[in-house]
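Residue strings, one per chain:
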Amino acid sequence: MATGTDLHELLRSLRVWAPEVTDLPPFDPTAAPATPLALFTTWFAEAVAAGEPEPHAMSLATRDGDPETEGGGLPDVRIVMLHGADDEGWSFATHATSRKGHQLKGFAYAALGFYWPRLGRQVRLRGPVLPATPAESQSDLHARSTGALAAALTGHQSEVLPSLGELTQASEAAWELAQREPETPVESWTLYRVFPDEAEFFQGDALRRHVRLSYVREERGWSKGLLWP
């Protein structure tokens, strides 16, 4: 069994941005586009080209409970998949009845985080969240794989699971239905869109002179500024 000392030694043996797997490109923030969407689109394409295994995986941070009550307003985070990024916002999907769905109903604000280690890049965004229409949500679901539909049809996300056997049984039934009726609706499935009012682009540097470019939404558009690393 591993010990705390073993973990500490393992951590000390690891490198950040090892040159054999990482290429830290130069980043001139003065040449950055006027909007975070334009820069994100470029960086995302470059992450794909660099061979990032899952460049569309992102951290989604929400808040639970009522901040006015004891124990309320605590942060929560998990990894989800980006479904799109455009003038309609950065989108992801989940059951409205899931833990994050309930949290977003109580506090419709979230933060997103992307990390692309092959390029030493991070992107952080945060802002209000709005659910798409039921029709848009179902269209998004049915544009995805059979497995995605089966997972959605399995349902009960975030609820207590009595046993793995029960999960297997429910999943097998969901797969059968998804394959037989690929347009089956899932009423609780909801597409959410984050409309960022802040965005930050981080480019790592081998000498730790990391470049951090911040965008802040204002009445007349976006303002840009640099942050100390």
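Scroll up for the structure.
Below you will find a few notes about this structure. (Residues numbered from 1 in each chain as written. Predicted model: local features only at pLDDT ≥ 70, side-chain atom pairs only at ≥ 80, totals over all residues. Heavy atoms only, no water.)

Let's talk about the overall build of the chain
Under the convention used in this document: Going along the chain from the N terminus, every DSSP run of H or I of four or more residues is numbered as a helix, and every run of E of two or more is numbered as a strand. For every residue, the accessible area obtained with a 1.4 Å probe (protein chains only) is divided by the maximum for its type, and the residue is called buried under 20%, exposed over 50%, and partly exposed between those limits. Surface accessibility follows the Shrake-Rupley procedure with a 1.4 Å probe radius. Residue values consider only the protein chains on display as shielding.
Scanning the chain from terminus to terminus reveals six helices and ten strands. Each principal axis of the C-alpha distribution contributes one length, and for the chain these read about 55 × 55 × 45 Å. Expressed as a percentage of the 229 residues in the chain, the buried residues total 34%. Accessible surface, the chain: about 14,000 Å² in total, of which carbon and sulfur atoms supply 56%.

Brief notes about helix 4 (residues 134–142)
For clarity, the threshold we go by: Note: the arc covers the axis-to-C-beta directions of the helix. For this analysis, residues touch if any pair of their heavy atoms sits within 4.5 Å.
Within the span of helix 4, buried status applies to Ser-137, Gln-138, Asp-140 and Leu-141. Along the axis of helix 4, the buried residues cluster in a sector spanning 160 degrees; they form a single face. Buried residues along helix 4 sit against strand 4 (89–95), helix 5 (146–154) and strand 7 (189–194).

A word on the packing of aromatic side chains
To describe a pair of aromatic rings, one takes the distance between the centres and the angle between the planes. For clarity, the threshold we go by: Aromatic pairs are defined between Phe, Tyr and Trp rings, using the six-membered ring for Trp, whenever the two ring centres lie within 6.5 Å; interplanar angles under 30 degrees are classed as stacked, those over 60 as edge-to-face, and all others as tilted.
In total, this model carries 13 aromatic pairs according to the counting rule given. Pairing Phe-27 with Trp-43 gives two aromatic rings, centres 5.2 Å apart and planes at 70 degrees, and the pair type is edge-to-face. Taken together, the residues Phe-27 in the loop between helix 1 (4–13) and helix 2 (36–49) and Trp-43 in helix 2 connect sequence positions 16 residues apart. In this structure Trp-43 comes out as buried when scored by relative accessible area, which is 2%. With 6.4 Å between their ring centres and 85 degrees between their planes, Tyr-215 and Trp-222 make a pair best called edge-to-face. Taking relative accessible area as the criterion, Trp-222 reaches 22% and is therefore assigned partly exposed. Through a chain of ring-to-ring contacts, three or more aromatic side chains come together here, namely Phe-27, Trp-43, Phe-201, Tyr-215 and Trp-222.

Interpretation in functional terms is not warranted from these geometric data alone.
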